[in-house]
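Commentary on secondary and tertiary structure
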Amino acid sequence: MDKELDLSHDSESVKVDKEIRCENVKIDNESDCEHVDQETDSKNVKMESDTSNNDKVDKETDLPLMANIESVKMLNYLMELFCDFKKEIFSGSLILHLQFLDQTTASVILDCCDINIIKVVLLQPPGGEQELDFEITEWALTVSLSRDKTLTTASLSGDNFSSEIKIYYETKPESRSLHWRKDFDGNLCVYTPASAINNRGLFPCQDIPGAMSSWEASILLPLESNMNVYTTGDAHALVSETVNYRKYWFKSGMVLPMSTFAVAVGAWSTQDLSFHHTGLHIPIRLIGPEQLIRSSNPHLLSYIPEAVKSAVSILGPYPLPKLDVLIVSRCFSGLGLSSPNLIFISPSLLLGDISLLVKISHEICHAWFGIMLGAKDWTEAWLSEGFATFLEDFVHQRTLKSLGVDSPPDLVKLRALMKLKTLEGELESTSADLTQLRPMRGVKLKDDSETGFVKNGLNPLASLTQAHYLKGFFLLHYLMSLVEETSFLNLIRRYFEMFKGELVDSTQFLQMYYHSFRNSIRVSLSDLIKTWLDSHRLPEPLSKPVDYPLLPILNCKHITLYQVVMDLHKQILIFNTNSKLTGRTACTVSVRHTPDFSVLVFSEQLILFLDSLTSEKLKSSVLKYIYDQNEEMIRSNLDVLHLWCEIVVFNKFKPRYDDIEYLLVEHQSMGVYLYSELIFSKNKIQVQLFHKVFDKIEQELDPSIRTVIRSFIDQTNLVTSSSAI
């Protein structure tokens, strides 16, 4: 799953006045429109929050926010780090250009973990150093300040003092902020995996909502190394050499949260895609293992720049100076991850079916929503994920049309129907606080000592749930269904232009929507917030069956693409009833009329068809027939493969257990559900398959996924122990 980073510009610009600023929009406390009564809404929210458990800190699953940003502001980070593949560490120094907001502060507190601090010094012109005392705890580095010496070397800037502190340190091999792995070609590589702790295990920083800075970084490699370095810098690396090292220098002038910094080091090939497009003035590159780039999806090279062009046509000028798309390892925890100027994608997207590339459109949309416009509260991830999921279809469809690929508009409805099925399943099996779009409802989470926390920031399940993607997707479609599509897309574009570079909350877009379309909306803003943002339940507009959808995006009953799938579903059940098993292998079909799978023209149809069979008991001969008819698509589309494996597990179809092992090993981000089905099946062979695969790749797995899978083992061990007692 995708885990995007909420970014924005200088925190001083984040202040949102009572009056929303826009040429054509003005919402204030004197508005005569009851739908934008902020005071009434906030009272309702507070009443509901009193009954919520989200205000209680759970130190096992909530991420602490330690940095003292109210006293110290980081203006710039300057890193010089050596990448050591033998020790699996980065070592070097970090210079912090900081500004004292409170001249009485006695310390600088930074969010930090999984790092060995060697020493901390105060830089004294013209080149001297004054060593400072420091304390390192599980979650923080606290540097004690000698006020007389610090202020003596500080420079006065306005009403505040600024100074520079240098930290000498090295990361730990087990740092959760770094993955030391092998790529598809078998070469060593390292990258930042969007860990729950963000970059705290790569460098000490202010990792707290509202803390933003610029940065410079020099990454050093041995001179003989055949590797290259890629980061979220504004431009490609400036490379220089010394006697022993090759240095890669990067800089970002954008003021962003340091959680958005990303780095990747590997022996990868680079292909310039800029020549594939016209009218765009940004460099675009595809980076990754040579074998993958050479043999990847034939549409990929043209799809990426064309998708950028399509997104620009919908959302306006591309807001970043460059785009690198980097193919990471098979153990990557999601299918994609967007950072400024750099997108990581999983090798799983390169199987061949072009429909998978909609995920790349999703990541491209994050340049607008998630990077240049982010959430004040990190738990309101729908502000990036919901918008990107909503927009991905528009970008993908336009891109395919430009490439001359047949993709009927009704396929969007089939994809939406599958999204609804996924959302319904998640709401049934996921805790309420992970399925609310606004779990904190504007209230900050603090413990008794007034330390702030991010709700579920350390919960491994939080990175696996899709509720924010899917509920956000349907909320935006619900809002669009009440007005005209073009007008709604124009509103999204104006919303971005208004709040670009700022942090927003969940209500600001809704307020703007209600003001723009106040004559068309019958439901109040407060009711909409309760139904969609604050409730963990399925919103009422989504609770109707397909036959009576309230949303046009789910109106599938009368479209041919859907009817064909339902007809084939009926045929396969009849086929299953009438099939005769021949011989011990049960692989021969003896039926006069067999279902014709050629009617399924698009992978979205096959996905919907297979989903309809995941709880059907099918004979082995029928399963073999389904596989034989769809083998090519099963091998070229990850969603099709996953559903096929669900059917195999449910029916204990041993001849295709190799498909399950292949998915679990080669497409690790998609394996959690199948692991649970295997181990809880109580089937001896399936449990053995679980342990065989998990033992094989346990150390390679993303730590969050590994933790969840281990919890399955603990649960089964607990049940076994209870039974023995």
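For the structure given in this document, a descriptive report is provided here. In this convention, every chain numbers its residues from 1, walking through the sequence in written order. Per-residue local features are limited, in this predicted model, to residues with pLDDT of at least 70; the limit for side-chain atom pairs, both in listing and counting, is 80 or more; totals at the level of whole chains, interfaces and linings are taken over all residues. As a convention, hydrogens and water are excluded, and side-chain values are obtained from all of the structure's heavy atoms.

**Regarding the overall build of the chain**
In terms of helices and strands, the chain carries 20 helices and 26 strands. Residue burial is assigned from relative accessible area. The probe radius is 1.4 Å, only protein chains are included, and a residue is buried under 20% of its type maximum, exposed over 50%, and partly exposed in between. Burial statistics for the chain: of 725 residues in total, 58% are counted as buried. Two residues qualify as a contact provided that any one of their heavy atoms is within 4.5 Å of a heavy atom in the partner residue. Counting only contacts in the chain whose residues sit at least 6 apart along the sequence, the fraction spanning at least 24 positions is 74%. Accessible surface computed for the chain: about 30100 Å², of which carbon and sulfur atoms make up 49%. Comment: elements are numbered from the N terminus, with helices defined as DSSP H or I runs of at least four residues and strands as E runs of at least two. For accessible areas, the Shrake-Rupley method is used with a probe of radius 1.4 Å. Any residue's cover is judged against the shown protein chains and nothing else.

**Some details on unusual backbone geometry**
Phi at Asp114 is positive, roughly 60 degrees, even though this residue is not glycine. The residue Asp114 is located in the loop between strand 4 (107–111) and strand 5 (115–124) in this model. The phi angle at Lys682 is positive, at roughly 65 degrees, despite the residue not being glycine. Take Lys682: it is sitting in the loop between helix 18 (672–679) and helix 19 (684–697). A relative accessible area of 78% means that Lys682 is categorised as exposed.

**What to know about helix 8 (residues 410–429)**
To estimate the expected span of a helix, count its residues, drop one, and scale the result by 1.5 Å. Between its first and last C-alpha atoms helix 8 spans 30 Å; for 20 residues at 1.5 Å apiece the expected length is 28 Å, and the two agree. Along helix 8, the positions that sit buried rather than exposed are Leu411, Val412, Leu414, Arg415, Ala416, Leu417, Met418, Lys419, Leu420, Leu423, Glu426 and Leu427.

**Some thoughts on the sheet that holds strand 4**
In this analysis, strands are considered paired if DSSP registers two or more bridges between them. Taken in spatial order, the three strands line up as 4-8-7 in an open sheet, and their pairing is antiparallel. In the strand order of this sheet, the two ends are held by strand 4 and strand 7 (134–136), each with one partner. Across this sheet, the average inter-strand angle for adjacent strands is 15 degrees, counted without regard to direction. Sheet analysis places strand 7 next to strand 8 (residues 140–144), joined by three bridges and oriented antiparallel. Bridging from a neighbouring strand, Glu135 pairs with Thr142 of strand 8. Where helices are involved, their axes are fitted lines through C-alpha atoms of the stretch in contact, as for all axes, and angles between N-to-C directions lie from 0 to 180°.

**Here we look at the pattern of salt bridges**
Every case where a carboxyl oxygen of Asp or Glu lies within 4 Å of a side-chain nitrogen of Lys or Arg is listed as a salt bridge. This model, assessed by the stated rule, comprises 25 salt bridges. Taken together, the shared-partner salt bridges connect Asp111, Arg200 and Asp207 into one network.

**Description of the packing of helix 17 (residues 657–666) against helix 19**
With their axes 10 Å apart at the nearest point, helix 17 and helix 19 run at an angle of 30 degrees to one another. Compared by their axis directions, helix 17 and helix 19 come out roughly parallel. The hand of the helix 17/helix 19 crossing is right-handed. Across the interface between the two elements, Tyr657, Ile660, Glu661, Leu664 and Val665 from helix 17 touch Ile685, Gln686, Leu689, Lys692, Val693, Lys696 and Ile697 from helix 19. Taken together, the residues of the contact of helix 17 with helix 19 break down into eight nonpolar, one polar and three charged. Should an angle lie under 35 degrees it is considered roughly parallel, over 145 roughly antiparallel, and from 65 to 115 roughly perpendicular; all remaining angles are considered oblique. In a left-handed crossing the near helix is turned counterclockwise from the far helix by less than a right angle, and in a right-handed crossing that turn is clockwise. All amino acids are sorted into three groups, where Ala, Val, Leu, Ile, Met, Phe, Trp, Tyr, Cys and Pro are nonpolar, Asp, Glu, Lys and Arg are charged, and the leftover types, Gly among them, are polar.

**Quick notes on helix 4 (residues 300–315)**
Between the first and last C-alpha of helix 4 there are 22 Å, a value that for 16 residues agrees with the 22 Å anticipated at 1.5 Å per step. One or two steps after helix 4, the chain reaches Gly316, where phi turns positive at roughly 105 degrees.

**Quick word on the packing of aromatic side chains**
Aromatic pairs are defined between Phe, Tyr and Trp rings, using the six-membered ring for Trp, whenever the two ring centres lie within 6.5 Å; interplanar angles under 30 degrees are classed as stacked, those over 60 as edge-to-face, and all others as tilted. With the rule as written, the count across this model stands at 36 aromatic pairs. An angle of 85 degrees between the planes, with centres 6.2 Å apart, marks the rings of Phe332 and Phe344 as edge-to-face. Linking Phe332 in the loop between strand 20 (323–327) and strand 21 (336–339) with Phe344 in strand 22 (residues 342–345), this pair joins segments that are twelve residues apart in sequence. For Phe332, a relative accessible area of 2% puts it in the buried group. Classification of Phe344 by relative accessible area gives buried; the value is 1%. Here the basic side chain of Arg656 rests over the ring of Tyr627, its NZ or CZ set 4.0 Å away from the ring centre. Lysine NZ or arginine CZ positioned within 6 Å of the ring centre and within 35 degrees of the ring normal marks a charge as sitting over the ring.

**Observations regarding the pairing of strand 21**
Side chains of strand 21 alternate between two faces, with Gly336 and Ser338 and Leu337 and Ser339 buried alike. Pairing of strand 21 with strand 22 involves four bridges; the strand directions are antiparallel. Each residue of the ladder has a partner; that of Ser338, found in strand 22, is Ile343.

**With respect to the pairing of strand 17 (residues 263–266)**
With burial as the criterion, each face of strand 17 is covered, one bearing Val263 and Val265 and the other bearing Ala264 and Gly266. Pairing analysis gives three bridges linking strand 12 (residues 188–191) to strand 17, with the strands arranged antiparallel. Along strand 17, the bridge assignment pairs Val190 with Val265. Pairing analysis gives four bridges linking strand 14 (residues 228–231) to strand 17, with the strands arranged antiparallel. Directly across from Val229, in strand 17, lies its bridge partner Val265.

**Points about the sheet that holds strand 1 (residues 63–65)**
Read from one edge of the open sheet, three strands run 1-25-24, paired in antiparallel fashion. Here the strands that pair on one side only, and so sit at the sheet edges, are strand 1 and strand 24 (445–446). Relative to strand 25 (residues 452–454), strand 24 is paired through two bridges, and the arrangement is antiparallel. For Leu445, the partnering residue across the bridge sits in strand 25 and is Phe453.

**Looking at the environment of Arg246**
Take Arg246: it is sitting in strand 16 (residues 245–256). Those residues in contact with Arg246, other than ones at most four positions away along the chain, are Ile219, Leu220, Leu221, Pro222, Leu223, Ser225, Asn226, Met227, Val239, Ser240 and Glu241. One polar contact links the side chain of Arg246 to the main-chain carbonyl oxygen of Met227, over a distance of 3.0 Å. We call two N or O atoms a polar contact when they sit within 3.5 Å, provided that within protein one can donate a hydrogen and the other can accept it, with sequence-adjacent residues counted only if both atoms are side-chain atoms. Only 2.8 Å separates the side chain of Arg246 from the side chain of Tyr248, close enough to count as a polar contact.

**Observations regarding the side chain of Arg285**
Along the polypeptide, Arg285 turns up in strand 19 (residues 284–288). For Arg285, a relative accessible area of 15% translates into the label buried. With sequence-adjacent residues up to four places away left out, Arg285 is seen in contact with Tyr230, His236, Thr270, Gln271, Leu273, Leu323, Asp324 and Val325.

**Examining the packing of helix 16 (residues 638–651) against helix 18**
With their axes 10 Å apart at the nearest point, helix 16 and helix 18 run at an angle of 5 degrees to one another. Between helix 16 and helix 18, the angle is such that the two are roughly parallel. Within the contact between the two elements, helix 16 uses His642, Cys645, Glu646 and Val649 and helix 18 uses Tyr673, Leu674, Glu677 and Leu678. For the contact of helix 16 with helix 18, a count of residues per class yields five nonpolar, one polar and two charged.

**Points about the side chain of Asp702**
With respect to the helices and strands, Asp702 occurs in the loop between helix 19 and helix 20 (703–724). Only four residue types enter the charge count: Lys and Arg as positive, Asp and Glu as negative, with His and the chain ends excluded. Although buried, Asp702 forms no salt bridge, and the nearest oppositely charged side chain, Arg181, lies 6.1 Å from it. A polar atom in the side chain of Asp702 sits 2.4 Å from the side chain of Ser704. Once residues within four sequence positions are removed from consideration, Asp702 is found in contact with His179, Arg181, Pro193, Cys331 and Ser333.

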